[in-house]
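Residues per chain, in single letters:
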Amino acid sequence: FALLYAGLNMFLMDQIRRHELGKSEPLRMLSVGLAWIIGPTLGVVMESLWGPWAPFAASAGALLLVLIYFWAAGFHKLSIVTVSDAPLPKNPFANLVGFLSRPRLALSWVLAIGRGIFWASFIIYTPLYAVQTGLGKEFGGYLVSLAHIPMLLMLVWGWAARRYGIRAINLYSFPVAGVALTLAAVLTDWPYVGAACIVIGAFAMIITDGYGNALFYRACKPSQRPTMTPLFSTQRDLADLIQAGTFALLLLIFPVQVVFLVLGFVMFIMTVLSFSIHKRL
């Protein structure tokens, strides 16, 4: 999956002009949103009807269809990445120094990790929250699907990012998400209210998805795409590792609400970092 994700990012940067990224990214995220709206509820229904194997079989079948489509469309014949004249370093880890030494690239990476931590945790621990607070596993699946409905308005969020700027969007969305998630953690006696706060936090985070990976695309020079894109693509894996390791330890001691308390703190950190985004972005 990491290879596929890096390849797709390089393909997008190679095929889409920089001034069109603000319009293309909302369209990409809209397609992702449709899957996230349908998938959680469909998975719960399939598991109830046929067993735990059914959602995994459906996922494997969907991936197979995508691979067939890629092959039929001739993607394997395309020259996906513009080749740079600069020689590649002998040690791939040497790229890391160059990546982190560029503030705009590093900032886009860290902000993407923060967003990834939220979504990876939301998908896993929102259903767990529903189960442990007595709301039920079906309610948890419906909750995840409900929280993704604003992704249908992704074109609106993309327009807002172009109209008001990525910096302004972040400085609105991250604090709202932080407050909502913190409330979800402390309102332990009102699980329905806590669930509503989690959904509000997800709504706020969806607004930041309106610009997708545009911060990275704008910061990365065409000649650096082959070396910088794989490094940026690690943000998804790092987000998964960070949240999994952190919450595996915390949940040994604390109830599931600690997840949303930590996520609220992470959102406040993302708010502070967002002040570093250039005002013109």
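Quick notes on the rules
Residues numbered from 1 in each chain as written. Predicted model: local features only at pLDDT ≥ 70, side-chain atom pairs only at ≥ 80, totals over all residues. Heavy atoms only, no water. Buried < 20%, exposed > 50% of the residue type's maximum accessible area, 1.4 Å probe, protein only. Helix = DSSP H or I, 4+ residues; strand = E, 2+ residues; numbered from the N terminus. Arc of directions from axis to C-beta. Contact = heavy atoms within 4.5 Å. Patch = residues over 30% accessible without salt bridge, like charges linked within 9 Å, V, L, I, M, F, W, Y side chains within 5 Å. Areas by Shrake-Rupley, 256 points an atom, 1.4 Å probe, with all protein chains shown as cover. Salt bridge = Lys/Arg side-chain N within 4 Å of Asp/Glu carboxyl O. Axes fitted to C-alpha atoms, helices over the stretch in contact; angles between N-to-C directions. Parallel < 35°, antiparallel > 145°, perpendicular 65-115°, else oblique. Left-handed = near helix turned anticlockwise from the far one by under 90°. Nonpolar A, V, L, I, M, F, W, Y, C, P; charged D, E, K, R; others polar. Expected span 1.5 Å × (residues − 1). Core = buried A, V, L, I, M, F, W, Y, C linked by side-chain atoms within 4.5 Å.

Trainee: Even after reading the chapter, I still don't get helix H7 (residues 154–164), so can you show me in this structure?
Mentor: In an α-helix, one full turn covers 3.6 residues, which means residues spaced three or four apart are oriented alike. For H7, the full list of buried residues reads Met154, Trp157, Gly158, Ala160 and Ala161. The buried residues of H7 occupy an angular sector of 155° when the element is viewed end-on, so they sit on one face.

Trainee: Where do I start with the side chain of Gln243 in this structure?
Mentor: Structurally, Gln243 is set in helix H11 (residues 225–250). Residue Gln243 is classed as buried on the basis of its relative accessible area, which comes to 5%. Ignoring any residue separated from it by four or fewer positions in sequence, one finds Gln243 in contact with Ile117, Ala120, Ser121, Ile124 and Tyr125.

Trainee: In this structure, what is going on with a nonpolar patch on the surface? I would like to understand it.
Mentor: On the surface, Val179, Leu183, Val186, Leu261 and Phe268 cluster together into a nonpolar patch covering about 410 Å² of accessible area. Listed by contribution, the elements that provide at least two residues to the nonpolar patch are helix H8 (166–186) and helix H12 (257–274). Per-element tally for the nonpolar patch: the top contributor is H8, with 3 residues. By secondary structure assignment, the location of Phe268 is in helix H12.

Trainee: How do you make sense of the packing of helix H5 (residues 103–132) against H8 when you look at a structure like this?
Mentor: Two elements in contact, H5 and H8, have axes separated by 13 Å at closest approach and are oriented at 30°. Between H5 and H8, the interaxial angle falls into the category roughly parallel. The chirality of how H5 crosses H8 is left-handed. Contacts between H5 and H8 involve Leu111, Arg115, Phe118 and Tyr129 from the former and Asn170, Phe174, Leu181 and Ala184 from the latter. When the residues that make up the contact of H5 with H8 are grouped by side-chain class, the tally is 6 nonpolar, 1 polar and 1 charged.

Trainee: What exactly am I supposed to notice about helix H9 (residues 191–208) here?
Mentor: An ideal rise of 1.5 Å per residue puts 26 Å on 18 residues; H9 measures up with 26 Å between its terminal C-alpha atoms. Most of H9 sits out of view: 13 of its 18 residues are buried.

Trainee: Help me understand the nonpolar core, please; the structure alone is not making it clear to me.
Mentor: As a rule of thumb, soluble globular proteins bury nonpolar side chains together. Residues Phe118, Phe122, Phe260, Leu263 and Met267 are the most contacted members of the largest nonpolar core, which totals 60 residues. When contributions to this core are tallied by element, the ones reaching two or more residues are H5, helix H6 (137–147), H7, H8, H9, helix H10 (214–219), H11 and H12. Per element, the largest residue contribution to this core is 13 residues, and it comes from H5. For Phe122, the contacting residues outside a window of four places in its chain are Pro127, Val144, Ala147, His148, Ile198 and Ala202.

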